[in-house]
Amino acid sequence: MKKVRVRFAPSPTGYLHIGGARTALFNWLYARHTGGTFILRIEDTDQNRNSQEAVDVILRGLRWLGLNWDEGPLTGDANGPSQGDCGPYFQSCRHAVYRRRVEQLKAAGHAYDKDGAILFRMPRAPVTIRDRIVGDVVRALTDREEQDPDFVLIRSDGQPVFHFVNVVDDLEMGITDVIRGEDHLSNTAKHIALFQAFGAEPPVYAHIPLILNQDGSKMSKRDQGASVQTYIDDGFAPEAVLNYLCLLGWTPRDASDVFSADEAAQRFELGDVHRSNARFDMKKLEHFHAEHTRRMPLSRFVQLGTDALGRAGISLAGHPPEYIAATLATAQEKGKLFKDLGSFVDFYFRPDENLEIEVEARAKALTPESRALLQRLAVQFQEVALFKAAELEITLKQLAGELGVKAGALVQPCRVACTGRMVGPSLYHLMEVLGRVRVIARLQRAAG
């Protein structure tokens, strides 16, 4: 049995579409599940539409998702490539291969010159496509194609076309399984005919369902969630996006829904991919983000959170790693997008005298009566033996009882005094992280 070799072959003409990312993911999962090889191939023969910026977008998106590829030309600086460093294949660097292969077809009578271009003699008989997801599909020539079914391999300007280079590279790279979107199914008869003209067995095809909007329309580049860059910018955990993409067209046999990439690879079977199209739901993705951020190790959350705070312009200079980790730990259970993390925990990193209190929060929580309560609370917190969350909660509630008020009469003013807002992390835990000196200073400042 051949060792599995699969590929993701995007064209660098814009952004990385979420459907393309899902195609890359399914190829990666199948390669990892079978112990095979996952190849990245950039189909950049159309020089008028390609750009290095688009290539960078693709590479950045795949790396962000953790979809590392296994094979490609070595890359590196003038001192040579670093160990394990391989770039993707670029079709623009493989023209000698395409010239050799087109001459092979011409010598065998399968291709011919016409008006400066080179055309392929398409067989007239119907082509049967055996697909692991769609099933057997018989593709006969349409009425228009019956009159002239031949198609271009090399344009008159010398540039090879998609159908030709796609098949040649799959053949040259030993691709055993082609896993791609169902929108490519219409191309497959031509590709099978080309493989047969080369005297080669076509790879096994598996055309995966499309990703649609919630209303059933095809997702275009202008639709919410169409670009992978959106999730990077909005601060989704890559683990969550990968997890959700897995479920857009595939369901594990154990019906689990929250899992890691490695767990998905262990369970992934092509035969379990759905036949029907998937519908994208941003609310479900946000749910997976919350689940993954709550479950991930604190060290991973701190890594992602620290990056997010830097992007938000919050300086962490002068704060020890232990303090930064403690601040972020108070936000982990909230499941917020990382783009919103800065405005949730920035009070930890503001000087006490520069803490800004929101106008609405000040009006609601810092009334003359509540400011008097904060003065009493500051005195009580000064006397607490251990400035820990549990002790602070007991102290606040005891004081509320002594004053004959509900605990909420102290909780909300205390929160606003410490954070400047009505909403934030657990009050008692955030005070423990801030520490006695800073909490009392903020209570006294708000009370005054």
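Summary of the structure given here. (Residues numbered from 1 in each chain as written. Predicted model: local features only at pLDDT ≥ 70, side-chain atom pairs only at ≥ 80, totals over all residues. Heavy atoms only, no water.)

**Brief notes about helix H2 (residues 52-65)**
Under the 1.5 Å per step criterion, the end-to-end length of H2 is 20 Å for 14 residues, consistent within 8% with the ideal 20 Å. For H2, the complete set of buried residues consists of Ala-54, Val-55, Val-57, Ile-58, Leu-59, Gly-61, Leu-62 and Leu-65. Among the structural elements, strand E1 (5-8), helix H1 (18-34), strand E2 (37-42), strand E5 (89-90), helix H7 (228-234) and helix H8 (238-246) are those in contact with the buried residues of H2. Just beyond H2, the residue with positive phi is Gly-66, at close to 85°. (Helix = DSSP H or I, 4+ residues; strand = E, 2+ residues; numbered from the N terminus. Expected span 1.5 Å × (residues − 1). Buried < 20%, exposed > 50% of the residue type's maximum accessible area, 1.4 Å probe, protein only. Contact = heavy atoms within 4.5 Å.)

**Focus: the layout of surface pockets**
Regions of empty space are outlined by a rolling probe, equal in size to a water molecule, passed over the atoms. Considered as a void within the structure, the largest pocket measures approximately 1,200 Å³ in volume. Forming the walls of the largest pocket are 39 residues, and the residues nearest its centre are Ala-9, Pro-10, Ser-11, Asp-183 and His-184. With five residues, the single largest contributor to the lining of the largest pocket is H1. Among the residues making up the lining of the largest pocket, the classes are represented as 15 nonpolar, 14 polar and ten charged. Taken as a whole, the second largest pocket holds about 500 Å³ of empty space. Where the lining of the second largest pocket is concerned, the elements lending two or more residues are strand E8 (127-131), helix H5 (162-172), helix H6 (188-197) and strand E12 (204-208). (1 Å grid on protein atoms, 1.4 Å probe; cavity = no way out; pocket = protein on both sides within 12 Å on 5 of 7 lines; lining within 4 Å. Points joined across faces, edges and corners; volume = space filled by probe spheres on them. Nonpolar A, V, L, I, M, F, W, Y, C, P; charged D, E, K, R; others polar.)

**Topic: the pairing of E2**
The buried fraction of E2 amounts to six of the six residues, a majority that puts the element mostly inside the structure. Taking every second residue as pointing to the same face, both faces of E2 are buried, with Thr-37, Ile-39 and Arg-41 on one and Phe-38, Leu-40 and Ile-42 on the other. In terms of strand pairing, E1 meets E2 through four bridges, oriented parallel. The residue bridging Val-6 from the neighbouring strand is Phe-38, located in E2. Chirality of the crossover, the property in question, places the unit of E1, H1 and E2 among those that are right-handed. Two elements, E2 and E5, share two bridges in a ladder whose sense is parallel. Note that in E5 the partner of Arg-41 across the bridge is Tyr-89. (Pairing = 2+ DSSP bridges. Right-handed = clockwise from strand over helix to strand, strands pointing away.)

**What about the sheet that holds E1?**
Whenever strands of a sheet pair, they do so through backbone hydrogen bonds, lying parallel or antiparallel. On the basis of which strands lie adjacent, the open sheet formed by three strands has the order E1-E2-E5 and parallel pairing. A strand with exactly one partner marks an edge of an open sheet, and here the two such strands are E1 and E5.

**Observations regarding the environment of Gly-401**
With respect to the secondary-structure elements, Gly-401 resides in helix H16 (residues 389-403). In the structure, Gly-401 is positioned 248 residues away from Leu-153 in sequence and 85 Å away in space, judged by C-alpha atoms.

**So, the packing of H16 against helix H18 (residues 427-434)**
The N-to-C vectors of H16 and H18 enclose an angle of 120°; their axes lie 8 Å apart at closest approach. Classified by the angle between their axes, H16 and H18 sit oblique to one another. At the point where H16 passes H18, the crossing takes the right-handed sense. Here Ala-389, Leu-392, Glu-393, Leu-396 and Lys-397 of H16 come into contact with H18, specifically with Leu-427, Tyr-428, His-429, Met-431 and Glu-432. Classifying every residue of the contact of H16 with H18 by side-chain character gives six nonpolar, one polar and three charged. (Axes fitted to C-alpha atoms, helices over the stretch in contact; angles between N-to-C directions. Parallel < 35°, antiparallel > 145°, perpendicular 65-115°, else oblique. Left-handed = near helix turned anticlockwise from the far one by under 90°.)

**Describing unusual backbone geometry**
Phi at Asp-115 is positive, roughly 55°, even though this residue is not glycine. In this structure, Ala-255 is a non-glycine residue whose phi angle is positive, near 65°. For Ala-255, the position within the fold is in the loop between H8 and helix H9 (261-267).

**Some details on the sheet that holds strand E10 (residues 151-154)**
Within the open sheet, the three strands sit side by side as E6-E7-E10. Their pairing is antiparallel. Looking at which strands have only one partner, the edges of the open sheet turn out to be strand E6 (111-114) and E10. The average undirected angle you get between the axes of adjacent strands in this sheet is 45°. The pairing of strand E7 (residues 117-120) with E10 spans three bridges and is classified as antiparallel. By the bridge assignment for E10, Ile-118 is matched with Ile-154.

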